[in-house]
Amino acid sequence: MKTTKQLLGAVSAFALIAMSSTPALAAGTRAGTTITNSVTVNYNVNGNAQNAVTDSDSFTVDQRVNVLVTAVSTPVQVSPNQLNRVLAFDVTNLGNATADLVLSTALRGGTAANISNIRIFRDTNGNGALDSAEQTAGAITSLDEVAEDAVVRVLVVSDISINAVNGDTFDVALTAAAHTGGTVGSLGARILATSGANTSGIDNVLFDGAGVSDAANDGAFSAQGRYAVSGAVLTVNKTSRVVSDPVNGVSPNAKAIPGATVEYCITVANAAGAATATNVALLDDLPADVTYDSGFGIFINGSATCTTGTAGGNYAPTGGVGGRARITGTLSDVAAGQTRSLYFQVTIR
Amino acid sequence: MKSITKLMLACAAAAMLTAPVAPLAAQDTPPAVSVNGDIKAEKAVTGADGKPAVQLVDPESFLPGDRLVFGQNFANTSAEIVTNFTITNPLPEAVRLAPDADPGLEVSVDRGKSWGRLSALSVTAADGTSRPALHADVTHVRWVLATIAPGASGRVAFPVIIR
């Protein structure tokens, strides 16, 4: 029995060394770890303890290459002519070895002409927004030395064209491809699957699933986020009606003869489902043969039928093109499905 | 490919520790028993009788989560009856005992200080609290065979999962 105890003491020392060199991670035992099946046999012959017999078989843990990319929040609402709009992604190294991850983007849906300047930034503080320090740090194309189980948040940043319209969508995929890690500041080679039989060294097994724009077991993964354009859809309509003439007075039958009073009605309608239009400024240069009726004035924020407006706007007698009279006015915010108007009256010369 | 290493140096070191009862010099006399450890994977196959069977094959990969079988083939190569035959198999830290291991296995969860069936063992935490031992707590597996007749051989094995 003494023999057995002493041998186990030696075995325990081995086990302790093994433990310190192989931290147990959620991603699993680190690639390159040697696992040994060691066996010790103690026995007696004729009642006498004999020398122990031992044997062992070892193998090297292979590298499981696995990358995950997830879109953090999608879709992201954008407006036409908006710069530096952010799609946040989390990139996770699910493999059992440190890896470099090469990042790339692809526009998978939407009109390419209406989105530009697609770049990738590292979200250093993980808040999902492009902060000035992160912007100053510059765009990136890879992540260096991503440890097992490490999650890195990155930001895909794009500019939306002024020509994008409400309802447009842009689907941008982010792909992370696993490259060999191990050297800080140096991008390793793309990891390829080890073909053929298991070798005594570290074999590469590509474990990743199929993303939106990559295949399963290709050492890369991709996910996409969507920009949803929420623009105002404004319709401007200008109409006129004869209010009165010198012969018929104020009448439905008033005719557009010299001396008649005419009301101009400018309506601005925003379509249902559109973004609220703000700062809607109207400008109207009057024809040379009408005279602005200062006694009536200018009304803004009126109804679709040019009633119930409030006095506002501005009349500039020679402010228009070619010295013509100019009417200007700024409407309050026009929400989706809403119509606002500006109206004024003139006299035909 | 696997590499098998005969740990004869360790054997010699063990002999020095246990000198008082070692009657013969290790170099001069071959041991009365042989043991051969291996690492295999289980592969589901269809047997000759058409029924599902399990075949032991060389593993195709060694990845976290893979299930392996640590096996020991032993034989009494002498003309003597061998008694108190004890096979001790420490588990490397990077593997854990598989949940479907034989519940009757004699195991240790304290690096060989105490032994028993897993269901009878417990683990004491640093704060003094105790909980039933789990498969992942097992540090050693052993088998004790009372006697092995001359020329007799056998195999013992247990499943593990790479952490």
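Residues numbered from 1 in each chain as written. Chains lettered and ligands numbered in written order. Predicted model: local features only at pLDDT ≥ 70, side-chain atom pairs only at ≥ 80, totals over all residues.

Let's talk about the overall build of chain A
Phase 1: Tallying secondary structure elements over chain A gives two helices and 24 strands in all.
Phase 2: Against the 2.2 N^0.38 benchmark of 20 Å for 349 residues, chain A shows a C-alpha radius of gyration of 37 Å, more extended than a compact globule.
Phase 3: Dimensions of chain A along its principal axes, counting C-alpha atoms only, are 140 × 35 × 35 Å.
Phase 4: Excluding contacts between residues fewer than 6 apart, the proportion of contacts in chain A whose partners are at least 24 apart in sequence is 71%. (Helix = DSSP H or I, 4+ residues; strand = E, 2+ residues; numbered from the N terminus. Rg over C-alpha atoms; globule rule 2.2 N^0.38 Å. Contact = placed C-beta atoms within 7 Å.)

Some words on the overall build of chain B
Phase 1: Along chain B, the regular secondary structure elements total one helix and eleven strands.
Phase 2: Counting from the amino terminus, chain B carries its helices and strands in the arrangement β-α-β-β-β-β-β-β-β-β-β-β.
Phase 3: Per-residue burial for chain B yields a buried fraction of 29% across its 163 residues.
Phase 4: Sequence separation of at least 24 residues holds for 69% of the intrachain contacts in chain B that already meet a minimum separation of 6. (Buried ≥ 20, exposed ≤ 12 C-beta atoms within 10 Å, placed from the backbone.)

Points about the sheet that holds strand E5 (residues 67–71) of chain A
Residues and elements named next belong to chain A.
Phase 1: Pairing within the open sheet is antiparallel, and its four strands lie in the order E5-E7-E11-E9. Pairing within the sheet leaves two strands with one partner each, and these edge strands are E5 and strand E9 (115–122). Averaged over all pairs of adjacent strands, the angle between strand axes in this sheet comes to 25°, irrespective of strand direction.
Phase 2: Summarising the sheet, E5 and strand E7 (residues 85–93) pair through five bridges and their orientation is antiparallel. Paired with Val67 across the strands is Asn93, a residue of E7. (Pairing = 2+ DSSP bridges. Axes fitted to C-alpha atoms, helices over the stretch in contact; angles between N-to-C directions.)

So, the confidence of the model for chain A
Caution applies to low-pLDDT regions: their predicted coordinates should not be interpreted in detail.
All names here are of chain A.
Phase 1: Mean pLDDT for chain A: 89, with 93% of residues reaching 70 or above.
Phase 2: Averaged pLDDT values over the elements of chain A bottom out at 39 in helix H1 (residues 2–21) and peak at 97 in E9.
Phase 3: For residues 1–25, every residue scores under 50 in pLDDT, and the model assigns this stretch 38 contacts once sequence neighbours within four places are set aside. (pLDDT = per-residue confidence, 0-100.)

Quick look at the confidence of the model for chain B
All names here are of chain B.
Phase 1: The predicted model of chain B has a mean per-residue pLDDT of 82, with 82% of residues at 70 or higher.
Phase 2: Within the model, pLDDT remains below 50 along residues 1–27, and this stretch shows 42 contacts once partners closer than five positions in the same chain are excluded.
Phase 3: Scored as a whole, the predicted complex attains pTM 0.73, and scored at its interfaces, ipTM 0.74.

Things to note about the sheet that holds strand E22 (residues 314–316) of chain A
Residues and elements named next belong to chain A.
Phase 1: Within the open sheet, the three strands sit side by side as E18-E23-E22. Their pairing is antiparallel. Every interior strand has two partners, whereas the edge strands, strand E18 (280–285) and E22, have only one. Here the strands of the sheet are splayed against their neighbours by 15° on average, with no regard to which way each runs.
Phase 2: One ladder, built from three bridges, connects E22 with strand E23 (residues 326–331); its direction is antiparallel. For Tyr315, the partnering residue across the bridge sits in E23 and is Ile327.

Things to note about the nonpolar core
Inside soluble globular proteins, nonpolar side chains tend to come together where they are buried.
Residues and elements named next belong to chain A.
Phase 1: Core analysis: the biggest nonpolar cluster contains 63 residues, and Val67, Val69, Phe89, Leu101, Leu174, Ala176 and Ala178 have the highest contact counts within it.
Phase 2: Considering each element in turn, this core owes the most residues, seven residues, to strand E12 (residues 169–180).
Phase 3: Here this core gathers at least three residues from each of two domains, domain 1 (2–61) and domain 2 (65–229).
Phase 4: Ala176 has contacts with Val67, Val69, Val91, Leu101, Leu103, Ala220 and Phe221, leaving out every residue within four places of it along the chain. (Core = buried A, V, L, I, M, F, W, Y, C linked by C-beta atoms within 7 Å. Domains from an automatic or database assignment.)

So, unusual backbone geometry
Residues and elements named next belong to chain A.
Phase 1: Backbone torsion omega between Thr74 and Pro75 reads 0°, so that peptide bond is classified as cis.
Phase 2: Within the secondary structure, Pro75 is located in the loop between E5 and strand E6 (76–78).
Phase 3: Phi is positive for Cys306, close to 60°, though the residue is something other than glycine.
Phase 4: Along the polypeptide, Cys306 turns up in the loop between strand E20 (298–302) and strand E21 (310–311).
Phase 5: Even without glycine at this site, Thr308 takes up a positive phi of about 55°.
Phase 6: Among the structural elements, Thr308 can be located in the loop between E20 and E21.
Phase 7: Note on Thr308: 10 C-beta atoms within 10 Å, which makes it exposed.

Section: the environment of Asp284 of chain A
Residues and elements named next belong to chain A.
Phase 1: Secondary-structure assignment places Asp284 in strand E18.
Phase 2: Overall, the presence of 17 C-beta atoms within 10 Å leaves Asp284 in the partly exposed class.
Phase 3: In contact with Asp284, not counting residues within four places along its chain, are Ile266 and Ile327.

Regarding the environment of Cys306 of chain A
Residues and elements named next belong to chain A.
Phase 1: Residue Cys306 is classed as partly exposed on the basis of its C-beta count, with 19 C-beta atoms lying within 10 Å.
Phase 2: Counting along the chain gives 43 residues from Cys306 to Glu263, while the straight-line C-alpha distance between them is 9.4 Å.
Phase 3: Contacts of Cys306, omitting those with residues within four sequence positions, involve Cys265, Ser341 and Tyr343.

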